[in-house]
Amino acid sequence: MGILNTLVFFIISVKLLSSGTGSGSGSFRPTSFRPRALALPVTKDASTNQYLTRLRQRTPFVPITLAIDLGSGNMWINCQSNFISSSYRPVSCARCQNITLNSACSTGCTGPQAPGCNNSICSGFPWNPFIRTTAGGDVGEDVVSFASIEGSHAGPPVIVQNFLFVCGYMNVQPGLAAGATGIIGLGRGLLLGPPLQLAATFSFPRRFAVCLPSSTSRRQPGLIVFGNTPFNVIPGLTVSNLLTYTPLYISPVSAAPPLTVGELVDYYIGLRSITIADHPIPINNTLLRIDRSGLGGTKISTVDPFTLLHPSIYRAFTTAFIREAQSRNISRVVPGIAPFDVCFRISKGSRLIPHINLELNGANRPIWTITGTNSMVQVNENISCLGFVEAPYWEVTSIVIGGLQIEDTLLEFDIARSRLGFSYSLVGHGTTCSNHNFTATY
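Caption draft 1: Molecular detail of the overall build of the protein chain. A count of helical and extended segments in the protein chain gives 6 helices and 32 strands. Buried residues in the protein chain amount to 57% of all 442 residues. Within the protein chain, residue pairs in contact and separated by at least 24 positions form 71% of the contacts whose partners lie at least 6 positions apart. Total accessible area on the protein chain is roughly 17700 Å²; 52% of this is exposed by carbon and sulfur atoms.

This is the structure we're talking about:
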């Protein structure tokens, strides 16, 4: 089934969830069939560049918007603001060690007992990577609905009765896009993480796929697919034949402070070299490896909108890019336009823009090619800027591949086999993760 056709059917299914009879009163009942795959929409917030998803939770059902984070190991929601659900149940301390490495119990609630404020309940730690803040919270479970995908058509909505999540507080919500009340973490994690939780519930393969949209239109979403992910992009083109695989690695130290040792969730890949227009750039190779303290390496992020580069890598990278652009008579704009240092008088879609190759670990040293659509940001009609920025002082990872660089690219995170499958940009195949041609269909 084509992934773009899948997107269409998935949108129809989401529409059913949004407008089905009685959905607002929680009238959906659990389905008895076992779906092949479950899907969530992905939209891009224009003001923050955050990637968001939307699902329904609680009894009666309430639509909730969550920011997407590949580097968090759980789903958390602000339960301090209007959280009402007759199906919510806190998770006891006795169950805690089975779902998280942190078996601490909540003991500090002095107010009325409510979701997010209970004693003798399994503790969870909401982590907000946008403001680098965490706080205490409680692990609970409640009803959640997903869109299903069955072969070449949308299946009925799927109700998960006891979906685990963390109840957080208002103080960890700032920095999220307007309307978002929490974060869905897609990291490796343990059972508390949605990918492994859904795999255990429905006997799915332990993998999921992400296709981020470049459009900020809510009517043109990308998608997340859990389970048996479809890999046909357009009729006659099989994405499984296009996916290139590279190993996934684990850092010995988590970059997310609330996690304990061993609860390591980020997705790292092995980067061997970077070339610009086939010219290698000089990089201290020790920066490309993860050391014992967790410093260095390369990971993938949906939180950072643009790729972050260690200062020494950034200097070498931008110098080489500017030199190559000038050799092609591309006029540079000085000074740059914040937050970008390197800007040019050119459209991001121009074929003159130098391509960037990431040489990765794996069979035959796979190459991830980044063209202008994923390397440049169109800041106005005539000017585009290089969408790579210098990493802040607190960033411990040498290279963080950000959202811009993975938009309109299918990524398969195969947790079971510890590998990442990536397509080249779907733009090169004449389409995107959003597929505007299907707007009238749904």
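Having seen the structure, we can now continue with the description.
Caption draft 2: Looking closely at the state of the cysteines. For the structure on display, the rule yields 5 disulfides. Between the sulfur atoms of Cys93 and its disulfide partner Cys105 the distance amounts to 1.8 Å. Of this pair, Cys93 sits in helix α2 (residues 93–99) while Cys105 sits in the loop between α2 and β6 (123–124), and the two are 12 residues apart along the sequence. Disulfide pairing is shown between Cys96 and Cys122; the S-S distance is 2.0 Å. Taking the sign of the S-S torsion, 55° for the link of Cys96 and Cys122, the bridge is right-handed. One end of the pair, Cys96, is in helix α2; the other, Cys122, is in the loop between α2 and β6, with 26 residues separating them in the sequence. Considered together, Cys96 and Cys122 belong to a single accessibility category, that of buried residues.

Caption draft 3: Representation of the environment of Gly140 in the model. Positionally, Gly140 belongs in strand β9 (residues 137–150). Of the residues examined, Gly140 reaches a relative accessible area of 0% and is grouped as buried. Taking the C-alpha atoms as reference points, Gly140 and Ile121, separated by 19 residues in sequence, lie 8.6 Å from one another. With sequence-adjacent residues up to four places away left out, Gly140 is seen in contact with Tyr88, Arg89, Pro90, Val91, Phe163, Leu164 and Phe165.

Caption draft 4: Highlighting the side chain of Thr53. Relative to the assigned elements, Thr53 resides in strand β2 (residues 51–57). Accessibility expressed as a relative area gives 2% for Thr53, which makes it buried. Within polar-contact distance, the side chain of Thr53 engages the backbone oxygen of Pro41 at 2.6 Å.

Caption draft 5: View of the packing of aromatic side chains. Enumeration according to the criterion identifies 16 aromatic pairs in this entry. Aromatic side chains Tyr267 and Phe413 sit 4.7 Å apart centroid to centroid with 50° between the ring planes, which places their arrangement in the tilted category. One end of the pair, Tyr267, is in the loop between β17 (244–249) and β18 (268–269); the other, Phe413, is in strand β31 (residues 410–414), with 146 residues separating them in the sequence. Both residues of the pair, Tyr267 and Phe413, belong to the buried class. For the ring pair Phe317 and Phe388, a centre distance of 4.7 Å and an interplane angle of 40° mean the geometry is tilted. Of this pair, Phe317 sits in helix α4 (residues 311–327) while Phe388 sits in strand β29 (residues 388–390), placing them 71 residues apart in sequence. Among the aromatic residues, ring-to-ring pairing joins Phe146, Phe163, Phe208, Phe226, Tyr267 and Phe413 into one connected group. Residue placement shows Arg132 over the ring face of Trp394; its charged tip is 4.3 Å from the ring centre.

Caption draft 6: Up close: the side chain of Thr409. With respect to the helices and strands, Thr409 occurs in the loop between α6 (403–406) and β31. What Thr409 contacts, discounting residues up to four positions off in sequence, is Val210, Cys211, Leu212, Ser423, Tyr424, Ser425 and Cys433.

Caption draft 7: Summary view of helix α3 (residues 194–202). Within α3, 7 of the 9 residues are buried, which leaves the element mostly enclosed by the surrounding structure. When we look at burial in α3, the residues that qualify are Pro194, Pro195, Leu196, Gln197, Leu198, Ala199 and Phe202. Directly after α3, the chain includes Ser203, whose backbone phi takes a positive value near 55°.

Caption draft 8: Molecular detail of the nonpolar core. By size, the foremost hydrophobic cluster in this structure holds 73 residues, and its most contacted members are Phe208 and Trp368. Looking at this core element by element, the count peaks at 7 residues for α4.

Reading the values: rules and limits
- Residues numbered from 1 in each chain as written.
- Predicted model: local features only at pLDDT ≥ 70, side-chain atom pairs only at ≥ 80, totals over all residues.
- Heavy atoms only, no water.
- Helix = DSSP H or I, 4+ residues; strand = E, 2+ residues; numbered from the N terminus.
- Buried < 20%, exposed > 50% of the residue type's maximum accessible area, 1.4 Å probe, protein only.
- Contact = heavy atoms within 4.5 Å.
- Areas by Shrake-Rupley, 256 points an atom, 1.4 Å probe, with all protein chains shown as cover.
- Disulfide = S-S within 2.5 Å.
- Polar contact = N/O pair within 3.5 Å; in protein donor to acceptor, adjacent residues only side chain to side chain.
- Phe/Tyr/Trp six-rings, centres within 6.5 Å; stacked < 30°, edge-to-face > 60°.
- Lys NZ or Arg CZ within 6 Å of the ring centre and 35° of its normal.
- Core = buried A, V, L, I, M, F, W, Y, C linked by side-chain atoms within 4.5 Å.

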